[in-house]
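Chain and residue survey
Next come the chains, spelled out residue by residue.
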Amino acid sequence: MSFSRRTNWNQEPNALTRAIEDLKSRGTPIVDVTESNPMRCGFEYPGAILQTLSDPKNLDYLPDPNGMASARQAVARFCGIPTDRMVLTSSTSEAYTFLFRLLLNPGEKVLLPRPCYPLFQFLLELSDATYGYYPLRYSGDQWAIDVEALASLIDSNTRAIILVNPNNPTGSYVKKHELQQLNRLCAKHRLSIISDEVFWDYALPVQGVVDAASLKNNAEVLTFVLGGLSKSAGLPQMKLGWILASGPPMLVQEALGRLEIIADTFLSVNIPAQNALPAWLALAPAINAQLLERVRGNLQLLRQGPVKVLTVEGGWYAVLCLPGIDEDQYVLELLTQHHLLIHPGYFFDFLEEGHLVASLLPKRECFAKMMGILTEDNSA
Ligand SMILES: Cc1ncc(COP(=O)(O)O)c(C=O)c1O
């Protein structure tokens, strides 16, 4: 019996996971600021979300590989783009896999931001792709893409650049001048861009300004923007995402034709979700407003505390800066001594030690408890 090398993962639980299990087995309540599942953070979801699922239309099955026209029209209205540049998927993670299958031969390379959320390595390895990290650097109270470093990583094996816009966990958007530089580089080296804009609707203006460039209508190079219900409507369990293609028309047409065949191979987006999509997207702004209010409130609270918080331009996360800490040891201490669970920066591949990452979705009471613990710990 043998398994593929790509699934040779280390499945041993680490010290943090073991400590969490230990506390849970003893029934000890945990102040959990890693929770970013909106279904577990006490929001009020309208009952109308479920009513749509009992529609008799759900007993019919007429699959369209790109997604049903009515569902695509709903996304088109929501995102302000035409339906004919769109493919529906069962999640953003699936959308990434479709795009890696479309763009990369085995062993070819994608460039990823660092720090970033830790799913890409798995998605890329499952697609037999390789990757290199380009740095996001924090200076002068702002994150920026190190475009020079990114350019130096491009080689004959590189096929695409991933942008996370705004990024998880740094909360930084791609700026217009960065996009111009990236477009020039991608055009020169014939690279595609994948722009993950799942958190686009969660902008947190800095001094009243949102400095951000969406790639939804990026005309210069072949571009794919990703979005989905999990963040836009706070409904991750409904498993519905979308890919919006743009760029030189001939390339877009070729890409969409190939993507349609990939999507047709799986037909993975279920019909009830597609039938419900217009209603869910109509409810999204009200859900989004609740989440944004929580994110803003928690961020404000965090900024009043003893620990430096890096600038957040959008999304659901905040980065705390504690220079000199050993992240592994500190996070374990917070958990075992104070029952506070927070992510260490290394989980997101920060370039330097000394960072913690908190989700901004947990209830305010949970955040207030975290503040108490951090204040006590940093004044001792
Ligand atoms: C930046 C980013 N993209 C995509 C996803 C996954 O979204 P989906 O639930 O649509 O797969 C996440 C999940 O946290 C994320 O942080």
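My aim in this report is to walk through the structure given alongside it, one point at a time. (Residues numbered from 1 in each chain as written. Predicted model: local features only at pLDDT ≥ 70, side-chain atom pairs only at ≥ 80, totals over all residues. Heavy atoms only, no water.)

All right, on to the site of the ligand then. The ligand sits among Ser91, Thr92, Ser93, Tyr117, Val164, Asn168, Asp196, Val198, Phe199, Ser230 and Lys231. Asp196 places a side-chain nitrogen or oxygen 2.6 Å from a nitrogen atom of the ligand. The separation between an oxygen atom of the ligand and a polar side-chain atom of Ser230 is 3.1 Å. Within the complex, the protein chains bury 87% of what would otherwise be the 400 Å² of accessible surface of the ligand. When contributions to the shell around the ligand are tallied by element, the ones reaching two or more residues are helix H4 (92-103) and helix H8 (229-232). Of the residues belonging to the shell around the ligand, the class tally is 4 nonpolar, 5 polar and 2 charged. (Near = heavy atom within 4 Å. Polar contact = N/O pair within 3.5 Å; in protein donor to acceptor, adjacent residues only side chain to side chain. Areas by Shrake-Rupley, 256 points an atom, 1.4 Å probe, with all protein chains shown as cover. Helix = DSSP H or I, 4+ residues; strand = E, 2+ residues; numbered from the N terminus. Nonpolar A, V, L, I, M, F, W, Y, C, P; charged D, E, K, R; others polar.)

Right, let's talk about the packing of helix H1 (residues 15-25) against helix H11 (residues 327-338) for a bit. With their axes 10 Å apart at the nearest point, H1 and H11 run at an angle of 5 degrees to one another. Taken together, the axis directions place H1 and H11 in an arrangement best described as roughly parallel. Between H1, through Ala15, Leu16, Ala19, Ile20 and Leu23, and H11, the contact on the second element is made entirely by Val331, Leu332, Leu335 and Thr336. Within the contact of H1 with H11, the residues separate by chemical class into 8 nonpolar, 1 polar and no charged. (Axes fitted to C-alpha atoms, helices over the stretch in contact; angles between N-to-C directions. Parallel < 35°, antiparallel > 145°, perpendicular 65-115°, else oblique. Contact = heavy atoms within 4.5 Å.)

Within the element layout of this structure, Asn298 appears in helix H10 (residues 271-303). Every residue in contact with Asn298, bar those within four places of it in the chain, is listed here: Leu360, Leu361, Pro362, Arg364 and Phe367.

Moving on, we come to the side chain of Lys175. Along the polypeptide, Lys175 turns up in the loop between strand E6 (158-164) and helix H7 (176-189). Side chain to side chain, Lys175 and Glu313 meet in a polar contact 2.9 Å long. The contacts of Lys175, once residues within four sequence positions are left out, are Gln142, Trp143, Asp211, Ala213 and Glu313.

As a further point, take the pattern of salt bridges. In total, this model carries 9 salt bridges according to the counting rule given. The salt bridge involving Arg137 is made with Asp146; its shortest N-O contact spans 2.8 Å. Judged by its relative accessible area of 42%, Arg137 is partly exposed. (Salt bridge = Lys/Arg side-chain N within 4 Å of Asp/Glu carboxyl O. Buried < 20%, exposed > 50% of the residue type's maximum accessible area, 1.4 Å probe, protein only.)

This next bit is on the sheet that holds strand E5 (residues 142-145). Ordered by their spatial adjacency, 8 strands build an open sheet running E2-E9-E8-E7-E6-E3-E4-E5, and the pairing between neighbours is mixed. The open sheet is flanked by strand E2 (86-89) and E5, the only strands paired with a single partner. If you compare each strand with its neighbour and ignore which way they point, the axes differ by 25 degrees on average. Relative to strand E4 (residues 130-139), strand E3 (residues 109-114) runs parallel, the two sharing 6 bridges. For Pro113, the partnering residue across the bridge sits in E4 and is Tyr134. Along the sheet face, H4 touches E2, E3, E6, strand E7 (192-196), strand E8 (223-228) and strand E9 (241-246) and points at about 160 degrees away from the line of E8. (Pairing = 2+ DSSP bridges.)

Applying the stated rule across the entire model yields 14 aromatic pairs. Aromatic pair Phe347 and Phe348: ring centres 5.3 Å apart, planes at 75 degrees, arrangement edge-to-face. Accessibility expressed as a relative area gives 38% for Phe347, which makes it partly exposed. Taken together, the ring pairs connect Tyr96, Phe100, Tyr117 and Phe120 into an aromatic cluster. The residue whose ring lies beneath Arg114 is Tyr133, and the NZ or CZ to ring-centre distance is 5.8 Å. (Phe/Tyr/Trp six-rings, centres within 6.5 Å; stacked < 30°, edge-to-face > 60°. Lys NZ or Arg CZ within 6 Å of the ring centre and 35° of its normal.)

In this section: the nonpolar core. If you look at the biggest cluster of nonpolar residues, it comprises 130 residues, and the most contacted ones within it are Tyr96, Phe224 and Met370. In terms of residue count, the dominant contributor to this core is H10 (15 residues). Lining this core are residues from two domains, each supplying at least three of them: domain 1 (11-44 + 283-379) and domain 2 (59-280). (Core = buried A, V, L, I, M, F, W, Y, C linked by side-chain atoms within 4.5 Å. Domains from an automatic or database assignment.)

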